[in-house]
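Working through the structure, step by step
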Amino acid sequence: MDFSITREELLHGLHLTQGIVERRTTIPILANVLLESTGGGVLIAATDQEVGVRRRCNAKVKKKGALTTSARKLYEIVRECPEGDIELRTLENNWIEVASGKTIFKIVGLDPKEFPAMPGAPTGKDAGATVVPVALLREMIERTQFAMSIDDGRLNLNGILFERPEAGKLRLVATDGHRLSMVTRPVEECPEGAGVIVPRKGVSEISKVIEGGDEPITLTMADNLVHAQRAGVDLSIRLVEGEFPDYRQVVPERSERRMQIVAEELLAALRRVSVVSSERTRGVRMQLNGERLEVSSVNPDLGEATEEMSVEYDGAPFSIGFNVKYFIDVLGVLAPGTHVEVVFNDEVSPAVVRCEGDPGFVYVIMPMRL
């Protein structure tokens with residue numbers, strides 16, 4: 001194989017492989033990237049057998065073929081090369097030569113025949129593809145990904161539920177058992193379909209694919225995989241097995257107390273009082289009385305903090321405790337000037353956060369005893 005490619009094009013293609021290849025693996029080929037030249041350019045691929053990516057790059061192909069070498073080391077080499085064209089060719093015994101100007105690297109490779117086959121996305125009218133504007137999907141992921149569980153013992157919560165509850169609507173839901181974030185948005189090209197759980201690593205890679213530009217992304221599901229395609233990139237992700245909790249039962253149907261406030265004002269106050277909160281529980285108390293909200297934190301080992309602010313509140317005096325991180329996470333992803341409504345029932349029932357003028361977003365937080 002022999003081809004030349006611009007540094008920028010190769011660097012961008014290799015960048016998408018870095019979060020997928022395994023640093024420590026019992027299968028050496030999984031630490032490698034596959035470069036395969038065709039008449040139309042070069043295909044760059046990487047996989048850990050759970051998540052795989054392929055990106056088509058423009059290149060001047062002199063001799064067709066394939067090579068595979070360390071994904072991380074090749075990325076480091078290309079990153080240090082000056083602007084301009086880079087030439088890659090295969091040598092004997094699967095070695096690879098990388099030439100950039102007067103600099104030449106010769107690095108070890110493996111037989112490309114050992115690289116695992118990667119499934120392609122289904123095509124045709126029966127594929128059930130969902131085409132999502134990237135700005136919309138970025139917002140939906142941003143408003144849910146922080147609520148994913150990091151508990152390896154609860155794999156069905158270690159991801160985001162992608163659901164199409166009805167034609168023309170896409171819903172993303174994430175929960176760790178203590179809070180739940182759900183966002184529903186209208187999507188024109190979105191057929192009705194069952195929900196699938198995209199794992200944490202897959203969500204992270206989708207976020208990379210939708211960085212920059214405004215070309216939409218196409219999502220298709222088949223054979224326990226979800227495929228995400230955009231701008232010459234094909235990302236395949238093995239879905240999480242297991243049932244996602246019935247999130248509909250988590251959202252309270254009624255509410256006795258309602259508080260309204262500007263999101264960044266509450267966020268700033270919570271960040272200040274949380275400085276002295278316990279690192280283990282992160283507990284903060286909210287006390288409502290008339291149009292006054294008092295947030296406070298008490299830590300016997302450090303001290304205490306209290307802050308008062310004005311709010312709109314229509315209930316009786318009330319006090320409740322929360323893990324402050326759960327509030328900070330959601331308030332931190334809302335746009336400046338957003339008015340939020342927080343509804344409560346009692347000290348042991350979950351609170352619900354909604355945004356004014358956005359009925360498609362719901363955030364539920366379980367309280368804690370302080």
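Our subject is the structure that appears above.
None of the values given here were measured: they were computed from a predicted structure.

1. Side note on the sheet that holds strand S6 (residues 65-70)
Pairing in this open sheet of nine strands is antiparallel, and the strands run S10-S6-S2-S3-S4-S18-S17-S16-S11 from one edge to the other. Where the open sheet ends on each side, the last strands, each with one partner, are strand S10 (109-110) and strand S11 (130-132). As defined by bridge partners, strand S2 (residues 32-38) adjoins strand S3 (residues 41-47) across five bridges and the pair is classed as antiparallel. Bridge assignment links Thr38 to a residue of S3, and that residue is Gly41. Contacts between helix H2 (residues 71-80) and the sheet are confined to S2 and S6, with S6 contributing the most and set at about 95° to the helix. Across the sheet, helix H4 (residues 200-209) touches strand S4 (51-57), strand S16 (217-222), strand S17 (225-230) and strand S18 (233-238), and the angle it forms with S18 is around 170°.

2. A look at the sheet that holds strand S8 (residues 96-100)
Taken together, the five strands give an open sheet; going across it, the order is S5-S1-S7-S8-S9, and neighbouring strands pair in antiparallel fashion. Single-partner strands in this sheet number two, and they are strand S5 (60-63) and strand S9 (103-107). Each neighbouring strand pair of the sheet contributes to a mean axis angle of 20°, computed without reference to strand direction. Across three bridges, the pairing between strand S1 (residues 2-6) and S5 is antiparallel. Residue pairing across strands places Asp2 opposite Lys63, the latter belonging to S5. Contacting S1 and strand S7 (85-90), helix H1 (residues 7-15) crosses the sheet at an angle of about 95° to S1. Taken strand by strand, H2 contacts S7, S8 and S9, and its axis lies near 180° from that of S9.

3. Looking at H2
All of the buried residues along H2 are Ala71, Leu74, Tyr75, Ile77 and Val78. With its buried residues spanning 160° around the axis, H2 presents them on a single face. Residues of H2 that are buried in the fold lie against H1, S2, S6, S7, S8 and S9.

4. Focus: the packing of helix H5 (residues 263-273) against helix H6 (residues 324-331)
It is the contact of H5 with H6, at a shortest axis distance of 10 Å, that shows an interaxial angle of 145°. When the axes of H5 and H6 are compared, the crossing they make is left-handed. In this structure, H5 uses Ala263, Leu266, Leu267, Leu270 and Arg271 to contact H6, whose residues at the interface are Val324, Phe327, Ile328 and Leu331. Across the contact of H5 with H6, the residue classes tally to eight nonpolar, no polar and one charged.

5. Focus: the layout of surface pockets
A water-sized probe, rolled over the atoms, reveals where empty space remains. Considered as a void within the structure, the largest pocket measures approximately 260 Å³ in volume. Considering each element in turn, the lining of the largest pocket owes the most residues, three residues, to H6. In terms of residue class, the lining of the largest pocket is built from four nonpolar, three polar and seven charged.

6. A word on the side chain of Ser149
With respect to the helices and strands, Ser149 occurs in the loop between helix H3 (134-142) and strand S12 (159-166). A distance of 3.4 Å separates polar atoms of two side chains, one belonging to Ser149 and the other to Asn158. Other than its neighbours up to four places away in sequence, Ser149 contacts Leu157, Asn158, Thr175, Asp176 and Arg200.

7. Observations concerning the pairing of S12
Burial analysis of S12 places six of its eight residues in the buried class, the great majority of the element. Bridge analysis of S12 against strand S15 (residues 193-199) gives five bridges, and the strand direction is antiparallel. Each bridged residue has a counterpart across the sheet, and for Phe162 the counterpart in S15 is Val196. Examined bridge by bridge, S12 and strand S13 (residues 169-175) share four bridges and lie antiparallel to one another. In the sheet register, Glu163 faces S13, and the bridge partner there is Arg171. Hairpin connection, S12 to S13: the antiparallel pair is bridged by two residues, and Gly168 has positive phi, about 90°.

8. A short note on the nonpolar core
Within the largest apolar cluster, 98 residues are counted, with the highest numbers of intra-cluster contacts made by Leu35, Leu88, Ile217, Met259, Leu270 and Leu331. Beyond its immediate stretch of four places on either side in the chain, Met259 contacts Leu266, Leu288, Leu293, Val311, Glu312, Tyr313, Val340, Glu341, Val342 and Phe344. Judged by nonpolar contacts, the second largest core, of 13 residues, contains Phe244, Tyr247, Val343 and Val352.

9. Considerations on the packing of H1 against H2
Orientation of H1 relative to H2, taken along the N-to-C sense of each, is 150°, at an axis distance of 10 Å. Regarding the angle of H1 to H2, the classification is roughly antiparallel. The handedness of the crossing between H1 and H2 is left-handed. Residues Arg7, Leu10, Leu11, Leu14 and His15 of H1 form the contact with H2, whose own contacting residues are Leu74, Tyr75, Val78 and Arg79. Tallied by class, the residues present in the contact of H1 with H2 amount to six nonpolar, one polar and two charged.

Calculation rules
Residues numbered from 1 in each chain as written. Predicted model: local features only at pLDDT ≥ 70, side-chain atom pairs only at ≥ 80, totals over all residues. Heavy atoms only, no water. Pairing = 2+ DSSP bridges. Helix = DSSP H or I, 4+ residues; strand = E, 2+ residues; numbered from the N terminus. Contact = heavy atoms within 4.5 Å. Axes fitted to C-alpha atoms, helices over the stretch in contact; angles between N-to-C directions. Buried < 20%, exposed > 50% of the residue type's maximum accessible area, 1.4 Å probe, protein only. Arc of directions from axis to C-beta. Left-handed = near helix turned anticlockwise from the far one by under 90°. Nonpolar A, V, L, I, M, F, W, Y, C, P; charged D, E, K, R; others polar. 1 Å grid on protein atoms, 1.4 Å probe; cavity = no way out; pocket = protein on both sides within 12 Å on 5 of 7 lines; lining within 4 Å. Points joined across faces, edges and corners; volume = space filled by probe spheres on them. Polar contact = N/O pair within 3.5 Å; in protein donor to acceptor, adjacent residues only side chain to side chain. Core = buried A, V, L, I, M, F, W, Y, C linked by side-chain atoms within 4.5 Å. Parallel < 35°, antiparallel > 145°, perpendicular 65-115°, else oblique.

These figures come from the coordinates and say nothing about function on their own.
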